[in-house]
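# An overview of the molecular structure
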Amino acid sequence: MRVLVTGARGKVGSHAVAALQAAGHDVTATDLGTPAFERDLPGVAPYVRADLTDPGAAVAVVAGHDAVVHAAAIPDPLHDPPLHVFRTNVLAAMHVIDACVRLGVGRLVNVSSETVPGFVFSDQVLPPYLPIDEEAPAAAQDEYGFGKEVVERWCDRVALRDGLSTITVRPSWVATADNVERNLGPVVRDPFQPSGNFWSWTDAGDLGEAIRLACEVEHEGHSVVYVAQPDNGTGVSLHDLVTSVYPDLASRVRTHLPRPDASGIDSSRARLLLGWTPTRTLDDWLDEDGRRRR
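Everything numeric here is computed off the predicted structure, so don't read it as measured data.

### Remarks on the packing of aromatic side chains
Scanning all chains against the criterion turns up six aromatic pairs. Centroid distance Phe86 to Phe146: 5.8 Å. Interplanar angle 10°. Geometry classified as stacked. With Phe86 in helix 3 (residues 82–103) and Phe146 in helix 4 (residues 143–162), this residue pair connects regions lying 60 residues apart in the sequence. A residue is classified by how much of its surface remains accessible, and Phe146, at 40% relative accessible area, is partly exposed. Summarising the aromatic geometry, the rings of Phe119 and Phe198 are spaced 5.3 Å apart at their centres and angled 65° between planes, so their arrangement reads as edge-to-face. One end of the pair, Phe119, is in the loop between strand 5 (107–111) and helix 4; the other, Phe198, is in the loop between helix 5 (180–189) and strand 8 (202–203), with 79 residues separating them in the sequence.

Here it is, written out as structure tokens:
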């Protein structure tokens with residue numbers, strides 16, 4: 001297929017590009033960064049700079065593609081004014097969705113976030129059960145998570161109104177070779193600390209594969225899937241972690257877990273719908289001292 005990946009220079013977008021190219025798809029990359037005149041380099045996806053908050057730019061870059069992976073977004077509510085985060089992320093997504101409808105694109109893969117249920121950037125929202133899944137209600141308390149919720153709900157409407165086949169992927173915190181030791185090393189060394197996403201994480205390479213599968217699978221309507229690794233990365237059972245750190249939630253941990261050290265996010269729907277199989281645990285990245293394996 002001819003696939004456009006927005007946000008192609010970010011953590012998620014760059015791994016989506018790599019997975020799609022490895023599978024033989026014809027990929028175009030777009031982002032806000034300056035072009036590096038890399039079009040003629042072997043194996044590098046053609047790059048087009050575009051500001052997707054401009055509806056004309058969105059139509060121009062979407063045109064001619066069979067599928068679109070929309071990964072472009074300000075990635076959190078912490079480093080920009082909150083309303084700027086909301087406006088930018090929602091406008092860009094709405095323009096991409098509208099372009100897909102107008103141009104007859106066959107598949108949209110919308111990259112959303114684990115923040116939609118509201119417990120990542122707020123200590124006032126606790127999940128109704130753990131591991132959390134797609135049935136948990138949306139309750140974001142921040143502009144980033146709420147913006148992602150707005151986009152998901154619009155995907156519902158557009159799938160019904162216009163028939164746009166859409167799969168929304170909600171990754172947990174995304175680990176790459178550059179950030180895994182810095183961000184998850186402390187969790188390995190001292191797991192009994194509060195965790196905004198309940199000890200869940202996503203390997204960037206496995207996420208890229210999930211996005212590739214979301215482009216390829218037969219599907220109608222709009223579906224939402226979490227994508228997170230099966231382990232919590234600590235070697236400690238999820239029940240023991242929750243009992244120690246969040247005792248009020250201990251009774252909400254499901255009794256039948258896929259593994260004792262299960263992630264706080266259940267990705268079984270991604271496995272069923274997409275045929276996704278995670279390949280890495282945190283042991284593949286870090287040693288028992290939380291240091292990067294070389």
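There is more to say after this.
### Quick notes on the environment of Arg9
Looking at the secondary structure, you find Arg9 in the loop between strand 1 (2–6) and helix 1 (11–22). C-alpha separation for the pair Arg9 and Asn110, spaced 101 residues apart in sequence, amounts to 16 Å. At 2.8 Å, the side chain of Arg9 and the backbone oxygen of Thr34 are in polar contact.

### Considerations on the environment of Thr279
For Thr279, the position within the fold is in the segment after helix 8 (268–274). Exposure remark for Thr279: the relative accessible area of 61% places this residue in the exposed category. When neighbours within four sequence positions are excluded, Thr279 is seen to be in contact with Asp206 and Asp284. Within the structure, Thr279 has its side chain in polar contact with the side chain of Asp206 (distance 2.6 Å).

### Overview of the pattern of salt bridges
One pass over the structure, following the stated rule, counts 13 salt bridges. Between Arg102 and Asp98 there is a salt bridge, and its shortest N-O distance comes to 2.6 Å. Linking Arg102 with Asp98, this pair stays in helix 3, spanning four residues, or about one helical turn. Here Asp98 falls in the partly exposed class, since its relative accessible area comes to 33%. Look at the salt bridges and you will find they share partners, linking Asp133, Arg254 and Asp266 into a network.

### Topic: the state of the cysteines
Inspection of the entire model under this criterion finds zero disulfides. Here Cys155 is not cross-linked by a disulfide; its sulfur's nearest cysteine counterpart is in Cys100, at 9.3 Å. Look at Cys155 and you get buried, because its relative accessible area is 2%. For Cys215, which is in no disulfide, the shortest distance to another cysteine sulfur is to Cys100 and amounts to 11 Å.

### A look at the packing of helix 3 against helix 4
Helix 4 packs onto helix 3 with a crossing angle of 15° between their chain directions and a minimal axis gap of 9 Å. With respect to helix 4, the element helix 3 is oriented roughly parallel. Of the two elements, helix 3 crosses helix 4, and the hand of that crossing is right-handed. Residues Pro82, Leu83, Val85, Phe86, Asn89, Val90, Ala93, Met94, Ile97 and Val101 of helix 3 touch helix 4, and the partners they reach there are Glu143, Tyr144, Phe146, Gly147, Val150, Val151, Trp154, Cys155, Val158 and Asp162. Residue composition of the contact of helix 3 with helix 4, by class: 16 nonpolar, two polar and two charged.

### Considering the sheet that holds strand 1
One open sheet holds the seven strands; their spatial order is 3-2-1-4-5-6-9, and the pairing between them is parallel. The sheet is open, and its two borders are formed by strand 3 (47–49) and strand 9 (222–227), each paired with just one other strand. Put simply, the sheet's adjacent strands are angled 20° from each other on average, direction ignored. Of the strand pairs in this sheet, strand 1 and strand 2 (residues 26–31) are connected by five bridges, and their pairing is parallel. Counterpart to Val5 in the pairing with strand 2 is Ala29. Docked against the sheet, helix 3 engages strand 4 (67–70) and strand 5, running at close to 175° with respect to strand 4.

### Structural notes on the pairing of strand 9
Of all the six residues making up strand 9, six are buried; the element is thus mostly covered by neighbouring parts of the structure. Burial along strand 9 is two-sided: the residues His222, Val224 and Tyr226 and Ser223, Val225 and Val227 are all buried. Examined bridge by bridge, strand 6 (residues 166–171) and strand 9 share six bridges and lie parallel to one another. Note that in strand 9 the partner of Thr166 across the bridge is His222.

### Here's the deal with the pairing of strand 2
Burial within strand 2 is extensive, with five of its six residues counted as buried. Taken together, strand 1, helix 1 and strand 2 constitute a β-α-β crossover, and its handedness is right-handed. Pairing of strand 2 with strand 3, which is carried by three bridges, proceeds in the parallel orientation. Bridge pairing in strand 3 links Thr30 to Val48.

What counts as what
Residues numbered from 1 in each chain as written. Predicted model: local features only at pLDDT ≥ 70, side-chain atom pairs only at ≥ 80, totals over all residues. Heavy atoms only, no water. Phe/Tyr/Trp six-rings, centres within 6.5 Å; stacked < 30°, edge-to-face > 60°. Helix = DSSP H or I, 4+ residues; strand = E, 2+ residues; numbered from the N terminus. Buried < 20%, exposed > 50% of the residue type's maximum accessible area, 1.4 Å probe, protein only. Polar contact = N/O pair within 3.5 Å; in protein donor to acceptor, adjacent residues only side chain to side chain. Contact = heavy atoms within 4.5 Å. Salt bridge = Lys/Arg side-chain N within 4 Å of Asp/Glu carboxyl O. Disulfide = S-S within 2.5 Å. Axes fitted to C-alpha atoms, helices over the stretch in contact; angles between N-to-C directions. Parallel < 35°, antiparallel > 145°, perpendicular 65-115°, else oblique. Left-handed = near helix turned anticlockwise from the far one by under 90°. Nonpolar A, V, L, I, M, F, W, Y, C, P; charged D, E, K, R; others polar. Pairing = 2+ DSSP bridges. Right-handed = clockwise from strand over helix to strand, strands pointing away.

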